[in-house]
Every structure is written in structure tokens, then in C-alpha cells.
Amino acid sequence: MAGDEEVLESTSRITRSREQARQSYNSMSRFYGFLSNGSEKRFVKTAVEGFLKPREGERILEPGFGSGQVLAVLARAVGETGKAYGIDISDGMVEVTRKRLAREGLEGRTELTRGDAAALPYADGFFDAVFMSFTLELFDAPEIPVVLAESRRVLKGGGRLCVASMSDQGRQGAMMKLYVWSHGKFPNFVDCRPIFARGFVEDAGFVITGYEIMSMWGLPVEIVLGEKGP
Ligand SMILES: C[S@@+](CC[C@H](N)C(=O)[O-])C[C@H]1O[C@@H](n2cnc3c(N)ncnc32)[C@H](O)[C@@H]1O
């Protein structure tokens, strides 16, 4: 275990309210897909195909689905007998994703909800897997364990959690310094900041079954796969 106190204390605070987050993502929702699709594609592909490995018939949840690129991949992977569920705080993101899923003929395999990843409106043990990319690291430090506890609660015994997150592990070069500076200067728009994702996931009680640190334009990105015990 990484040690709850240690991981929490080394994580910077975020003071933005839920309403501020909602408004900020609403204002980005129409062009967010253009910004994120290219840069994040490689990580999302590795995380989904190499780590999460979604299977036919599964129920999979994605908190903070953004413009819905992963949700569409998950919906295809779970097939006609499974379902991909998404929850996002931004009504703009929900709308953009709803249109995307309709265009791709995936409405029947998906269910979108506007809501908070820290208070999930699903029953205990409902999901086979939970996937989160570039979302866990935008929560305030004390909220990260709450989001992970909620993810764990809604997972079945043996269920998988896969997180792709900007990381404070690995080489913190000039790009990371610039990024962290931008985060300090424009926290509403550059809202993610590097965290020790694996430490948080371990401290939330998951058994780590897969781990990799990759690099996105010189910024370390952690991919963590955890399993809920029986
Ligand atoms: C940085 S974006 C990442 C989007 C997507 N996962 C990706 O990889 O491109 C973060 C997403 O989390 C959503 N979000 C922010 N706070 C949230 C909360 N409390 N509950 C659920 N979603 C939230 C935002 O609206 C946004 O869509």
C-alpha cells in the first residue's frame, strides 16, 4: 500500500465548485472532442485494449466521458448483450456525446446520465468494470478517494477499474513544469494536474493487476488496472 496520508498530502488542492466545473466543461463541450481525440487516442487505446479488455455482455461505466470517444469504443466492445453507461457533470458533454452515439448507431447499447462521479446513482455491485481517463486527476485531493470508493462500491466482486491519468511519477521534465505552471495560472481550463494514480487506487482497496507509465508530449501518464476483491 502506498499509504493514504502520504499520497493525499503530496496531491495539490483544487478549489473549484461542481457548478464551476459544469460551466467550464459546458463552454468547452462543442470543441473538446477536437482537442482531446488526437492527443489522447494512443493512451485510451492502450488503456482500453491493453488493460481494461472489455468483453461482450459486460456492463461498463465511464465517469467523466467528455465527448464520448471511449464510450463509443466500450459500447461496440460489449455488443448487443452488454451496455456502456456514462456519467458526466456537464450537460454540454452529455448532449455532444448523445449526438455522437446516435450518429454511430449506438444509442441502444449506451445510457447517459448527467451527474457526479463522487455520488454515483447506481446500485452496489452493478458493473463489471469502470473506466476513467483524464478525469480522476481533476478532483480535489480529499475527493479522489471518494470517487474511487464510489467506483469500488458499484463494481461486482472481481470487477476491474482502469484509470488513465496524468502522473507525478516518472520523469518530470520541462513540459511538466510548463503544464503545472499553466494549471496554477488557468485552473479552470487546465484543470487536470499530475497525481500518483496508482497510490490512490491501491489505497482505495484495489489489487493492482496492471501498470504502465507512458509519455504524452513529455508529460507522464499512468495507466492503472485494479481489481476489486471477491
Ligand atoms: C478532462 S475531461 C476528460 C474527458 C474524457 N474522459 C477524455 O479522456 O477525453 C473531464 C471530464 O470529466 C467531467 N467531470 C468533471 N467533474 C465531474 C464530476 N464531478 N462528475 C462527473 N464528471 C465530471 C467533465 O465534464 C469532463 O467531461
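Here we summarise the structure given alongside this text. (Residues numbered from 1 in each chain as written. Predicted model: local features only at pLDDT ≥ 70, side-chain atom pairs only at ≥ 80, totals over all residues.)

A short note on the overall build of the chain
This is how the line gets drawn: Helix and strand definitions follow DSSP, with helices as H or I runs of at least four residues and strands as E runs of at least two, each counted in order from the N terminus. For this measure, only C-alpha atoms enter the radius of gyration; the expected value for a globule follows 2.2 Å times N^0.38, where N is the number of residues.
In terms of regular secondary structure, the chain is built from seven helices and seven strands. Listing each helix as α and each strand as β along the chain from the N terminus yields α-α-β-α-β-α-β-β-α-β-α-α-β-β. Against the 2.2 N^0.38 benchmark of 17 Å for 230 residues, the chain shows a C-alpha radius of gyration of 16 Å, consistent with a compact globule. In terms of its C-alpha atoms, the chain occupies a principal-axis envelope of roughly 45 × 40 × 30 Å.

Section: the nonpolar core
Note the threshold: Defined on buried residues, the nonpolar core groups Ala, Val, Leu, Ile, Met, Phe, Trp, Tyr and Cys residues joined through C-beta atoms within 7 Å. Counting other C-beta atoms within 10 Å of a residue's own tells you its class, since 20 or more makes it buried, 12 or fewer makes it exposed, and anything in between is partly exposed; those C-beta atoms are placed from the backbone. Working definition of a contact: two residues with C-beta atoms, positioned from the backbone, lying within 7 Å.
In this structure, Leu74, Phe131, Val163, Phe200 and Val201 are the most contacted members of the largest nonpolar core, which totals 61 residues. Apart from the residues within four sequence positions on either side, Phe131 is in contact with Val48, Leu52, Ile60, Glu62, Val70, Leu74 and Cys162.

Topic: the sheet that holds strand S4 (residues 127-133)
Within a sheet, each strand pairs with its neighbour through backbone hydrogen bonds, oriented either parallel or antiparallel. The condition that has to hold: DSSP-based pairing: two strands are paired if at least 2 bridges between them are found. Only C-alpha atoms enter the line fits that serve as axes; for helices the fit covers just the stretch in contact. Angles between N-to-C directions range over 0 to 180 degrees.
Taken together, the seven strands give an open sheet; going across it, the order is S3-S2-S1-S4-S5-S7-S6, and neighbouring strands pair in mixed fashion. The sheet is open, and its two borders are formed by strand S3 (110-114) and strand S6 (207-216), each paired with just one other strand. Pairwise comparison of adjacent strand axes, ignoring direction, gives a mean angle of 15° for this sheet. In this structure, strand S1 (residues 59-63) lies alongside S4, joined through two bridges in parallel fashion. Across the sheet, the residue bridging to Leu61 is Val130, located in S4.

Focus on the site of the ligand
Let me state the cut-off plainly: We call a residue near a molecule or strand when the C-beta position, derived from backbone atoms, sits within 6 Å of it. Three residue categories are used. Nonpolar comprises Ala, Val, Leu, Ile, Met, Phe, Trp, Tyr, Cys and Pro, charged comprises Asp, Glu, Lys and Arg, and polar comprises the others, including Gly.
Neighbouring residues of the ligand: 22 residues in total, closest Tyr25, Gly64, Gly66, Ile89 and Ser90. Looking at the shell around the ligand, the elements with two or more residues in it are helix H2 (18-52) and strand S2 (83-88). If you tally residues by element for the shell around the ligand, the top one is H2, at five residues. Each residue belonging to the shell around the ligand can be placed in one class, and the counts come to 12 nonpolar, six polar and four charged.

Digging into the environment of Ser12
Here Ser12 shows up in the loop between helix H1 (4-9) and H2. Linking Ser12 and Pro142, residues 130 residues apart in sequence, is a C-alpha distance of 9.9 Å. With sequence-adjacent residues up to four places away left out, Ser12 is seen in contact with Ala141 and Arg193.

As for unusual backbone geometry
Trans peptide bonds make up most of the peptide bonds, and negative phi angles are found at most residues other than glycine. Residues other than glycine seldom take positive phi values, yet Lys53 does so here, at roughly 50°. Within the secondary structure layout, Lys53 lies in the loop between H2 and S1. Although it is not a glycine, Phe134 adopts a positive phi angle of roughly 50°. Turning to its location among the elements, Phe134 is positioned in the loop between S4 and helix H5 (144-154). Taking the number of C-beta atoms within 10 Å as the measure of exposure, Phe134 has 21 and is therefore buried.

Quick notes on the pairing of S3
Successive side chains on a regular strand alternate, one facing one side of the sheet and the next facing the other. Here is the rule: Orient the strands so they point away from the viewer; a crossover is then right-handed if the path from the first strand over the helix to the second runs clockwise.
Direction of pairing for S2 relative to S3: parallel, over a ladder of five bridges. Residue Gly86 lies in a different strand from S3, and its bridge partner there is Leu112. Between S2 and its parallel partner S3, the chain crosses via helix H4 (residues 91-103), and the hand of that crossover is right-handed.

Observations regarding the environment of Phe196
Locating Phe196 in the fold gives a position in the loop between helix H6 (174-185) and helix H7 (197-203). Residue Phe196 is classed as buried on the basis of its 23 C-beta neighbours within 10 Å.

Topic: helix H3 (residues 69-78)
Among the 10 residues of H3, seven are classified as buried, and the element is accordingly described as predominantly covered. Listed as buried for H3 are Val70, Leu71, Ala72, Val73, Leu74, Ala75 and Val78. Downstream of H3 by one or two residues, Gly79 has phi in the positive range, about 70°.

Considerations on H5
This is how the line gets drawn: Directions from the helix axis toward the C-beta atoms define the arc.
Of the residues making up H5, those classed as buried are Ile144, Val147, Leu148, Ser151 and Val154. Looking straight down H5, one finds its buried side chains confined to an arc of 130°; they lie on one side. Turning to H5, the residues buried within the fold contact S1, S4, strand S5 (155-166) and H7.

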